[in-house]
Amino acid sequence: MSDSVKKLPVTIMRGGTSKGVYILEDDMPENHDEWEKLLLRLMGSPDAKQIDGLGGSYSVTSKVAIIKKSSNPEADVDYTFAQVSVDKPLVSYKGNCGNISSGVGPFAIEKGLVEAKDGVTSVRIFNTNTQKIIEADVQTPGGEVAYSGDFAIAGVPGTASPVKLKFVKPSGTLGKGLLPTGNVIDVLDVPDFGKVEVSIVDAANPLVFVKARDIGLTGRELPDELNANSEMLALLEKIRGLAAVKLGLIEDYKRSAWDTPGIPKMTFVAEPEAYTTSDGKEIAKGNIDLLSRMMSMQKPHPSYAMTGAMCTAAAAVTPGSIVNQVLAPNADTQFIRIGHPAGILECGADFRLEDGKTIPEIDDTFGFRTANFLMEGTARIRL
């Protein structure tokens, strides 16, 4: 008996330090229940190499953006992010990917969903995962998307044209505000380890922050070192799972990798110190405002998630948070420099801290990424 074949128009783009498949929602099945099987086959999951699909065998290259023209008067396009697990038969729609978001504006213009202006075209994106608006400023000289430029981001070779991303009113993607537990510091009782202080912050995506030294780390660790330490990976996932329980996402922390693999995002931070990046570049202490390492789908992120940067910026301006505690005293909140495994990511927050209040009102968080249009064609998916 022969397989049925679905022919699906797709575009492959690099968005920030991630790479994904971008699809017009009109080309997807009307029945959303059919999406998971389709996307797993499209990406070649579950398989460590994703050899029979378009995935690249890492969480940062196993992502999908599904986009359509928006009926929301505050947006131009709707964008649904799908994280396709590499080694599990699992597609997660919980949370957004900021790096993939940087390709949505260029894709929307290329596909005629948004008319390009001469100079810069601002694309208003409604992310259905978080129910938040993202404004992407795309360079469009002569009414064409410019991909070449002189802007560099850590984790991507060469230079390209900048895409400014502004996450408008990013707090509370889970509907529970910037501090979804109500506390700037929570204490988790970690089985077989002990009590650990964390900050659970929700801006652009929910993150759980812990001080590196509190779990026996320095903050200078690189992905290969962490991947070789199975006990530490297990501890980090255990902390993340307990935070997920605190957020009401799951009841059993041991189910975190299956039931909520993408959020909250596990992050450990430290005061600024000199370190060496994955490609051997030396980063001076004075060039960063904090050290930070993120996890992505239970593995170390090779650089830094853009939504993670947005949440880190929001946490940095929240008095008493774990991030605020390790931040360099003279840090500029409009230009926070995060030292991550691939280099430095700069981001900022526009916020208000009213008299007598301890929780800031985050108007927006912002940063710069680049994107590249790699190919478009038709995927043949055996179902």
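Details of the structure are given in the entry above.
Below you will find a few notes about this structure.

## Looking at the pattern of salt bridges
The tally for this structure, following the rule as stated, stands at 16 salt bridges. In this structure, Asp 76 engages Arg 124 in a salt bridge whose closest nitrogen and oxygen atoms are separated by 3.1 Å. Of the two residues, Asp 76 is situated in the loop between strand S3 (63-69) and strand S4 (77-84) and Arg 124 in strand S6 (residues 119-127); the sequence distance between them amounts to 48 residues. Put simply, Lys 88 and Asp 87 hold a salt bridge, and the shortest N to O gap is 3.7 Å. One salt-bridge network, in which partners are shared between bridges, spans Lys 169, Arg 352, Glu 354, Glu 361 and Asp 363.

## Overview of the side chain of Thr 370
With respect to the helices, strands and loops of the structure, Thr 370 is situated in strand S19 (residues 361-382). Note on Thr 370: relative accessible area 2%, which makes it buried. Of the polar contacts made by the side chain of Thr 370, one reaches the side chain of Arg 14; its length is 2.9 Å. Setting aside anything within four residues of it in sequence, one finds Thr 370 in contact with Arg 14, Gly 15, Gly 16, Ser 102, Phe 151, Ile 153, Ala 160, Ser 161 and Pro 162.

## A look at the packing of aromatic side chains
Taken as a whole and judged by the stated rule, the model has 3 aromatic pairs. Relative to Phe 107, the ring of Tyr 22 lies with its centre 5.8 Å away and its plane at 35°, an arrangement referred to as tilted. Residue Tyr 22 is found in strand S2 (residues 18-24), and its partner Phe 107 is found in helix H2 (residues 98-110); the two are separated by 85 residues along the sequence. Measuring from ring centre to ring centre gives 5.9 Å for Phe 151 and Phe 368, while their planes differ by 55°; the resulting arrangement is tilted. Placement of Phe 151 in the loop between strand S7 (132-140) and strand S8 (162-168) and of Phe 368 in strand S19 is noted, with a sequence separation of 217 residues between them. Owing to a relative accessible area of 24%, Phe 151 belongs among the partly exposed residues under this scheme. Over the aromatic face of Trp 258 sits the side chain of Lys 88, whose NZ or CZ is 5.8 Å from the ring centroid. Above the ring of Tyr 275, the side-chain terminus of Arg 293 is found at 4.9 Å from the ring centroid.

## Quick word on the pairing of strand S12 (residues 265-270)
For S12, the tally of buried residues reaches 6 of 6 residues, placing the bulk of the element in the interior. Where strand S11 (residues 205-211) lies against S12, 5 bridges are found, and the strand directions are parallel. Paired with Lys 211 across the two strands is Val 269, which belongs to S12. Sheet topology note: the S12/strand S15 (residues 290-296) ladder contains 4 bridges and is antiparallel. Bridge pairing in S15 places Thr 267 opposite Met 294.

## Topic: helix H4 (residues 230-246)
Compared with an ideal rise of 1.5 Å per residue, which puts 17 residues at 24 Å, H4 spans 24 Å between its outermost C-alpha atoms and is within 8% of the ideal. By the criterion of burial, H4 is predominantly enclosed, with 12 of the 17 residues buried. Positioned one or two residues after H4, Gly 248 has a phi angle of 80°, which is positive.

## Notes on the environment of Ala 313
Mapping Ala 313 onto the fold places it in helix H6 (residues 306-316). Looking at Ala 313, the relative accessible area reads 0%, which means it is buried. Sequence-distant contacts of Ala 313, defined by excluding residues within four places in its chain, comprise Ile 336, Cys 347, Gly 348, Ala 349 and Thr 365.

Reading guide: rules and limits
Residues numbered from 1 in each chain as written. Predicted model: local features only at pLDDT ≥ 70, side-chain atom pairs only at ≥ 80, totals over all residues. Heavy atoms only, no water. Salt bridge = Lys/Arg side-chain N within 4 Å of Asp/Glu carboxyl O. Helix = DSSP H or I, 4+ residues; strand = E, 2+ residues; numbered from the N terminus. Buried < 20%, exposed > 50% of the residue type's maximum accessible area, 1.4 Å probe, protein only. Polar contact = N/O pair within 3.5 Å; in protein donor to acceptor, adjacent residues only side chain to side chain. Contact = heavy atoms within 4.5 Å. Phe/Tyr/Trp six-rings, centres within 6.5 Å; stacked < 30°, edge-to-face > 60°. Lys NZ or Arg CZ within 6 Å of the ring centre and 35° of its normal. Pairing = 2+ DSSP bridges. Expected span 1.5 Å × (residues − 1).

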